[in-house]
Every structure is written in C-alpha cells, then in structure tokens.
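A closer look at the structure
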Amino acid sequence: MTISSSSASMELRTTGQQLHRRSWAEPWKIKMVEPITLTTEKQRTAALSEAGYNTFLLRSEDVYIDLLTDSGTSAMSDWQWAGMMLGDEAYAGSKNFYHLEETVRRHYGYKHLIPVHQGRGAEHILSQIMIRPGDTVPGNMYFTTTRFHQEHAGGQFVDVVIEDGHDLASLHPFKGNVDLDKLEHVLKTAKRVPYISLAATVNMAGGQPVSMANVRSVREICARHGVPVMLDATRAVENAWFIKCREAGYADKSCAEILLEFCSYTDGCTMSGKKDPLVNIGGWLSLNDDTLAEEARNMVVVYEGLHTYGGMAGRDMEAMARGIEESVQDDHMRARIGQVEYLGGLLHSAGVPIVLPIGGHAVYLDARRFYPDMSQDDFPAQTLAAEIYLDSGVRAMERGIVSAGRDSKTGRHHYPKLELVRLTIPRRVYTQAHMDVVAESVEAVFLQPKKPCGLRMVYEPKYLRFFQARFERLGP
Ligand code: F0G
C-alpha cells in the first residue's frame, strides 16, 4: 500500500467516525420492502369524506405515508422474524414466555410478568385490582386508555404534571416531570390514593421525558405516604435516551443501564409492547408485590388468556423478547430519536409551529397557530389532520379536544390546553426522503392562504370517541 492510499483510507475512516458521532444514520439496512402508492387529490377527497373526516377511519390503502401512530407499526428485524419460527405454541408454559419473563426482568427489573394482548389489557387489570370507587389517581398528564380504565374502575384522575408540560413555549428539557408539590398535595388531601400513574415519556404532552431526579423524588414522596408508583413503561427506553442526552451524570451510561435504574424507583409497570419493544402486538403488566401479582394472574385468565400467554401467541412473545433486546441498544435509540428530530428540525426551521423540545416518538403541530381564528369547539386539530391528508396522503392523528373526550360526571367536553396534531414516526419504517415529503406537505398546509372553517361532530361514540367519531365540514 502506498502512503497516499493509506492516508486516504485513514481520512475516510476519520470521516466515518465523525459521521458516526454527528449523524443519526440507521444501524440497519433494508431487506424487504412494502409498496405504497400516492393517490390523487380526487381520490383523497372521496376517501376522507367516506371516513367522516376522521383519519382513524381511513383505509390504510388510501394512505401514502402513515404517521397515525408508532403503535404496532414497527418493522421487525431478521432476528425477530427468525424468532417467530421458534414459537412454542403450547397452551401452557410456552418456552417463549420464560424467555420474555427473563428478558423483562433483566432489562426492566420487575419480579413478576403477566402477559397481555396490548397495553390497555394491562391497564384494565391494574385498575381493577388496585382502584376502588372514590379513589384518586394522580398522573403526569392523562393518556386516553389509561384514564379510561382508571375512571371505569371508579377512580378519579388528577393531573400532576409540571406546568411546563402544558406550555408549548417552554423549553424545559423534562416537560413530563411530576410537580412534586401538586403530588404532595394530592397525597395529603385525597381520601385514598391507590398508586401514582407515572408515564415516561408523556405522550399527550408531546412525547416529553421525565428526569431521573424527578422519578427519584416521586419515589421518595410516595414511599413516605405508603403509595406505590406504577410506571407506564410504553416508551421508557425513549425516556432513557433523553436522560442520557440531557441529564447531568448520565452521558456515559447506556440506555439499558438508565432504564433499569429508572424502573427501580417504581413498583410495577403497564406496557404496550407495540411501541419501544418493536413488535406489532403484545404487552405486559409487571409487579413486584407477590399478592398483587397473584390477583393479576387471577384476572388475566378471565380477560386475556392463561397467565403464560395473556393473549399472545408463543411467536409473538419471542418477537417481543428479541425486540426488547434490540430496543435498549444505544445505536437503535440514536437513530430512532434522530429521525424524529430530523423531521421536527425541518418543520421548525420552516417556521411551522411545533411543540418544543421535539419529543421522542412524534412531532406535534400546534393546531391553534395554524388556525388562530377557529374556536376549539370546531375541532382545529381534527381539521388540520384532515387538511394534511388531503394535501399529500400523509395520515396524522388529532390530540386535542376530540381525544380529551367528556367529563364522565358532567358530560361536558374536556377542554385541553393543547390542541395538537401528532406526526408519529413508526420505528425503522420510513426513510429520510419520506420525512422530507411530510415536511413539505405540512409547510404547504401551514401556508394555505384560504383556511378551513372547522368541523362539526355528527357521530360520537360513548367511549374513547376519537377512534370512531365522524365529522362534517363547516362552511363551503
Ligand atoms: N400508554 C401509552 C403512553 C400509550 O401511548 C398507549 C397507546 C397505551 C398506553 C395503550 O397501549 O395501544 O397497546 O393498548 N398508544 C397508542 C398511540 C394507541 O397511538 O399513542 P395499547
């Protein structure tokens, strides 16, 4: 080798290393593809009208880039698919269950694992075994299904997230944090608090994380009051990545180490395996307390399936065990969050109003600033999601007044401060070019000279209305 070619290769290597440090490039390459097609404006207009202006009711065939949710939409790896072939479909005692149990213990640290078909299955069981009518359940902002199950069990949800969590202008690095004074106040004044429901990251606040210092304090306060801390661990690995990047003392720790420490301050968790754990279906409930775990096992057989499968096939449990292993890798998380930040960065630099800091699983658009003259009763975020679909076939989700639902006692709408549209990025599915298309479309909708007038709800389901509600256009 000549000196010049050796120095050229050195230069390349150096560039490569710098790239690795600076870039979020994915630690994988694509082996199989699924075709998607761009529809015409005429087709989209017809499809949206048939779907009652609700993006949940669109057929996925009519969608070009699907940013409805990151739930169950991940691409699995070849190692996960290989694991699917090793499914032990025994009714009882499947070896994949034991693999999953061991993996959850190693990475999340909890003693007992009760498998369920997805996150809300775990929320249902946890709420039924712990909440009594009249109880108060504090939480760092609500999540739709979580609050539903708490209220369905007779509890009342009380929001104890810090004020910054509701403030779109705030750049607080941990907008998901619990307000410790609010928590203390609830614990002192409520008749009975069965547990605090702590979500990391906080979906409805914009995918915002909770700091390690905060969970430690929550733990300390709750321990003084004899109240357990139950984690919604759905996106806890994404939370761990933010701690690594933003909290002093954690830069040199791995995501896996941070996750384990975070969970150690909690007494159990509900989990939607459809997010962090990189699978299309599945979930679990974890508990450290033996008596509670026994009660949960009694319930899981009634609602989900035997306590060693809980609604999942053996192959699903294997894919999830392997997905957990992949999800806690720093390189995976760097690319995952990096892609979300890439899209957020494009929009922010184009002047489109988004929630800052950019969250873990999605970029959230501030619908009120798209349509400053529209009343919240005319569903600005629902309208914006519809307009984005019409423009480009990109499917987004409303996270505003429709998602917030009604007060179960008064029947009045909840009026959330945040009226958002979520562009949710599935894991390992879309490319940087897809993100460019999304940014172009959202910017075009933001700059539309003629603004829509909003929507009128013409069908409202009784529970979790955002999934199936139907709307009609107001105005011309
Ligand atoms: N908790 C959080 C924070 C969630 O985001 C979800 C689901 C659940 C619990 C319920 O889990 O869907 O498996 O029953 N979120 C999805 C979303 C639906 O699009 O954000 P699940």
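The rules behind each value
Residues numbered from 1 in each chain as written. Predicted model: local features only at pLDDT ≥ 70, side-chain atom pairs only at ≥ 80, totals over all residues. Heavy atoms only, no water. Helix = DSSP H or I, 4+ residues; strand = E, 2+ residues; numbered from the N terminus. Rg over C-alpha atoms; globule rule 2.2 N^0.38 Å. Buried < 20%, exposed > 50% of the residue type's maximum accessible area, 1.4 Å probe, protein only. Contact = heavy atoms within 4.5 Å. Near = heavy atom within 4 Å. Polar contact = N/O pair within 3.5 Å; in protein donor to acceptor, adjacent residues only side chain to side chain. Areas by Shrake-Rupley, 256 points an atom, 1.4 Å probe, with all protein chains shown as cover. Nonpolar A, V, L, I, M, F, W, Y, C, P; charged D, E, K, R; others polar. Core = buried A, V, L, I, M, F, W, Y, C linked by side-chain atoms within 4.5 Å. Salt bridge = Lys/Arg side-chain N within 4 Å of Asp/Glu carboxyl O. Phe/Tyr/Trp six-rings, centres within 6.5 Å; stacked < 30°, edge-to-face > 60°. Pairing = 2+ DSSP bridges. Axes fitted to C-alpha atoms, helices over the stretch in contact; angles between N-to-C directions. Domains from an automatic or database assignment.

Focus on the overall build of the protein
Across its full length, the protein holds 17 helices and 14 strands. The C-alpha atoms of the protein give 23 Å as radius of gyration, which agrees with the globular expectation for 476 residues (23 Å, within 12%). Its C-alpha atoms give the protein principal-axis dimensions of about 75 × 60 × 45 Å. Expressed as a percentage of its 476 residues, the buried residues of the protein come to 57%. Partitioning the intrachain contacts of the protein with sequence separation of at least 6 by distance along the chain shows that 73% fall at a separation of at least 24.

Description of the environment of Ala404
With respect to the helices and strands, the residue Ala404 is situated in helix α16 (residues 401–404). Judged by its relative accessible area of 2%, Ala404 falls in the buried class. With 191 residues separating them along the chain, Ala404 and Ala213 place their C-alpha atoms 29 Å apart. If near-sequence neighbours (up to four positions away) are discounted, Ala404 is found in contact with Tyr142, Arg147, His414 and Pro416.

As for the site of the ligand
Near the ligand lie 17 residues; those nearest to it are Thr69, Arg120, Asp232, Ser272 and Lys275. In the environment of the ligand, an oxygen atom lies 2.7 Å from a nitrogen or oxygen atom belonging to the side chain of Thr69. With respect to the ligand, the side chain of Gln118 contributes an N or O atom lying 2.8 Å from an oxygen atom. Contact with the protein chains hides 96% of the accessible area of the ligand, taken as 470 Å² for the molecule alone. The element contributing the most residues to the shell around the ligand is helix α5 (residues 119–130), with 3 residues. Counted by class, the shell around the ligand contains 2 nonpolar, 8 polar and 7 charged residues.

Notes on the nonpolar core
Among the nonpolar cores identified, the biggest contains 57 residues, and Leu100, Tyr108, Leu231, Phe262 and Trp284 are the most heavily contacted of them. In this structure, Phe262 is in contact with Leu198, Ala200, Val210, Ser211, Met212, Val215, Leu231, Asn239 and Ile243, ignoring residues within four places of it in sequence. Of all hydrophobic cores here, the second largest spans 33 residues; its members include Tyr64, Leu423, Ile425 and Ala439.

Focus on the pattern of salt bridges
As enumerated under the stated definition, the model contains 28 salt bridges in all. One salt bridge in this structure joins Arg315 and Glu89, with 3.4 Å as the shortest N-O distance. Residue Arg315 is located in helix α12 (residues 314–327), and its partner Glu89 is located in the loop between α3 (78–84) and α4 (95–108); the two are separated by 226 residues in the primary sequence. Here Arg315 falls in the partly exposed class, since its relative accessible area comes to 38%. One salt bridge connects Glu238 with Arg336, and the closest N-O pair in it is separated by 2.9 Å. Highlighted residues: Glu238 in helix α9 (residues 236–246) and Arg336 in helix α13 (residues 330–349), separated in sequence by 98 residues.

Focus on the packing of aromatic side chains
With the rule as written, the count across this model stands at 11 aromatic pairs. Ring centres of Phe97 and Tyr98 lie 5.1 Å apart, and the angle between their planes is 75°; on these two criteria the pair is classed as edge-to-face. Here Phe148 and Tyr463 contribute two aromatic rings whose centre-to-centre distance is 5.0 Å and whose plane-to-plane angle is 70°, an arrangement assigned as edge-to-face. Placement of the pair is Phe148 in helix α6 (residues 144–152) and Tyr463 in the loop between β13 (455–459) and β14 (470–473), with a sequence separation of 315 residues. Every member of this aromatic cluster is reached through a ring pair, and the members are Phe56, Phe466 and Phe467.

Remarks on the environment of Glu34
As for its position among the elements, Glu34 is in the loop between α1 (3–22) and α2 (41–50). Looking at Glu34, the relative accessible area reads 69%, which means it is exposed. Spatially, the C-alpha atom of Glu34 lies 34 Å from that of Tyr459, the residues being 425 residues apart in sequence.

Here's the deal with the pairing of strand β5 (residues 196–199)
For a regular strand, side-chain orientation follows a simple rule: the groups alternate between the two sheet faces. Across the two faces of β5 the burial is the same, with Ile196 and Leu198 and Ser197 and Ala199 all buried. Bridging between β5 and strand β6 (residues 229–232) involves 4 bridges; their strand directions are parallel. Bridge pairing in β6 places Ile196 opposite Val229.

Notes on the sheet that holds strand β11 (residues 397–399)
The antiparallel open sheet is built from 3 strands, whose spatial order is β9-β12-β11. Edge strands, defined here as strands with exactly one partner in the open sheet, are β9 (362–366) and β11. The mean inter-strand angle of the sheet, taken between neighbouring strand axes irrespective of direction, is 35°. Both β9 and strand β12 (residues 420–424) contribute to a ladder of 5 bridges, which runs antiparallel. Looking at the pairing, Tyr364 lines up with Arg422 of β12.

Things to note about the domain arrangement of the protein
What the domain assignment lists for the protein is domain 1 (27–63 + 330–473) and domain 2 (78–327). The C-alpha-based centres of domain 1 and domain 2 are spaced at 26 Å. Taken together, the 33 residues of domain 1 in the interface contact 43 residues of domain 2. On the surface where domain 1 and domain 2 come into contact, there are 6 salt bridges. The partner of Glu326 in a salt bridge is Arg428, and the shortest N-O contact between them spans 3.0 Å. Our enumeration of links across domain 1 and domain 2 arrives at 15 residue pairs in polar contact (both at pLDDT 80 or more). Mapped onto the side of domain 1 that touches domain 2, the elements with two or more residues apiece are α13, β9, α16 and β12. The element best represented in the side of domain 1 that touches domain 2 is α13, accounting for 7 residues. The residue inventory of the side of domain 1 that touches domain 2, partitioned by class, reads 14 nonpolar, 7 polar and 12 charged.

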